[in-house]
Amino acid sequence: SSGALDPKNLKVKLVLLGDSGVGKSCIVLRFVRGQFDPSSKVTVGASFLSQTIALQDSTTVKFEIWDTAGQERYAALAPLYYRGAAIAVVVYDITNPDSFNKAQYWVKELQKHGSPDIVMALVGNKADLHEKREIQVQEGIDYAEKNGMFFIETSAKTADNINQLFEEIAKRLPRPST
Ligand code: GDP
Ligand code: MG
């Protein structure tokens, strides 16, 4: 059996949002291909990849991942990507306060225009850059908690918490009833 309504084999649209340069594309490539390419290309518009994971209860979740470009000139296109998304992953760079502000902008945007039952995650990426940290873990935790989001810090470079991010999101998805 297959399809979005099969409770054992979920298929969900996931959109990544956040400032340009925070590591959205690297997170996706780490998750889907297990690779990190430090010279990866800037995303133009949006790109699409999919990856399936199995949960412990033998449910499978197929993520259809829309990786958006963070550039201002594409901001008007964002609703096309988050419309109908079951999951939004909002990413900032823990070394960049501007990117944390931009993440908060995206959260508000999603609260206004996303689907009401969207699962939202806040991700502080580049956690390997300890010595350049500007956003404390507790700031991420507090903001996420206030906004009913799942929170995690990741490193696409070292692979730290990348699989955990997607597993935790998958566990929080509303399940279709049989
Ligand atoms: P995007 O614009 O959000 O898609 O960002 P990219 O995925 O293109 O990454 C932007 C830059 O940050 C690239 O130079 C990456 O090599 C670097 N980068 C991405 N993730 C990490 C990370 O976890 N740690 C470190 N140190 N650098 C990262
Ligand atoms: Mg990108």
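Residues numbered from 1 in each chain as written. Chains lettered and ligands numbered in written order. Predicted model: local features only at pLDDT ≥ 70, side-chain atom pairs only at ≥ 80, totals over all residues.

As annotated in an unreviewed UniProt entry, the protein chain is Ras-related protein RABF1 from Heracleum sosnowskyi.

Engineer: Is there a simple way to explain the overall build of the protein chain in this structure?
Structural biologist: For the protein chain, the count of helices and strands is five helices and six strands. Shown N-terminal to C-terminal, the secondary structure of the protein chain runs as helices and strands in the order β-α-β-β-α-β-α-β-α-β-α. By the compact-globule yardstick of 16 Å for 178 residues, the protein chain fits well, its C-alpha radius of gyration being 15 Å. Viewed in the frame of its principal axes, the protein chain has a C-alpha envelope of about 50 × 35 × 30 Å. (Helix = DSSP H or I, 4+ residues; strand = E, 2+ residues; numbered from the N terminus. Rg over C-alpha atoms; globule rule 2.2 N^0.38 Å.)

Engineer: Teacher, can you tell me more about the site of ligand 1 here?
Structural biologist: Taken together, 19 residues surround ligand 1, and among them Gly 23, Lys 24, Ser 25, Cys 26 and Lys 157 come closest. Ranked by the residues each element gives to the shell around ligand 1, the list is headed by helix α1 (residues 24-33), at three residues. Its residues assigned to classes, the shell around ligand 1 shows five nonpolar, 10 polar and four charged. (Near = placed C-beta within 6 Å. Nonpolar A, V, L, I, M, F, W, Y, C, P; charged D, E, K, R; others polar.)

Engineer: Got a minute to help me understand the packing of α1 against helix α5 (residues 162-171) in this structure?
Structural biologist: Interhelical geometry of α1 versus α5 gives an angle of 85° and a closest axis separation of 9 Å. As far as their axial angle goes, α5 and α1 are roughly perpendicular. Residues Ile 27, Arg 30 and Phe 31 of α1 form the contact with α5, whose own contacting residues are Ile 162, Asn 163 and Phe 166. Across the contact of α1 with α5, the residue classes tally to four nonpolar, one polar and one charged. (Axes fitted to C-alpha atoms, helices over the stretch in contact; angles between N-to-C directions. Parallel < 35°, antiparallel > 145°, perpendicular 65-115°, else oblique. Contact = placed C-beta atoms within 7 Å.)

Engineer: Would you take a moment to explain the environment of Val 90 for this structure?
Structural biologist: Here Val 90 is to be found in strand β4 (residues 87-93). Exposure remark for Val 90: the 25 C-beta atoms within 10 Å place this residue in the buried category. Note: C-alpha distance between Val 90 and Gly 18 (72 residues apart in sequence) is 5.6 Å. Discounting residues that sit within four places of it in the chain, Val 90 has contacts with Leu 17, Gly 18, Ala 103, Trp 106, Val 107, Met 120, Ala 121, Leu 122 and Val 123. (Buried ≥ 20, exposed ≤ 12 C-beta atoms within 10 Å, placed from the backbone.)

Engineer: Explain the nonpolar core to me, please; I cannot follow it from the model alone.
Structural biologist: It is characteristic of soluble globular proteins that their nonpolar side chains tend to be buried jointly. If you look at the biggest cluster of nonpolar residues, it comprises 43 residues, and the most contacted ones within it are Val 15, Ala 88, Val 89, Val 90, Val 91 and Ala 121. Of all the elements in the fold, those that place two or more residues in this core are β1 (9-17), α1, β3 (60-68), α2 (78-82), β4, α3 (97-113), β5 (119-125) and α5. The element contributing the most residues to this core is β4, with six residues. (Core = buried A, V, L, I, M, F, W, Y, C linked by C-beta atoms within 7 Å.)

Engineer: Looking at this structure, how should I read the environment of Ala 69?
Structural biologist: By the element assignment, Ala 69 lies in the loop between β3 and α2. Taking the C-alpha atoms as reference points, Ala 69 and Val 42, separated by 27 residues in sequence, lie 7.7 Å from one another.

Engineer: How should the pairing of β5 be read in this particular structure?
Structural biologist: Consecutive side chains of a regular strand alternate in pointing toward one face of the sheet and then the other. Most of β5 is tucked away: seven of the seven residues are buried. Burial along β5 is two-sided: Val 119, Ala 121, Val 123 and Asn 125 and Met 120, Leu 122 and Gly 124, pointing in opposite directions, are all buried. In this region the chain leaves β4, passes through α3 and returns to the parallel neighbour β5; the handedness of that crossover is right-handed. Pairing of β5 with strand β6 (residues 150-153), which is carried by four bridges, proceeds in the parallel orientation. (Right-handed = clockwise from strand over helix to strand, strands pointing away. Pairing = 2+ DSSP bridges.)

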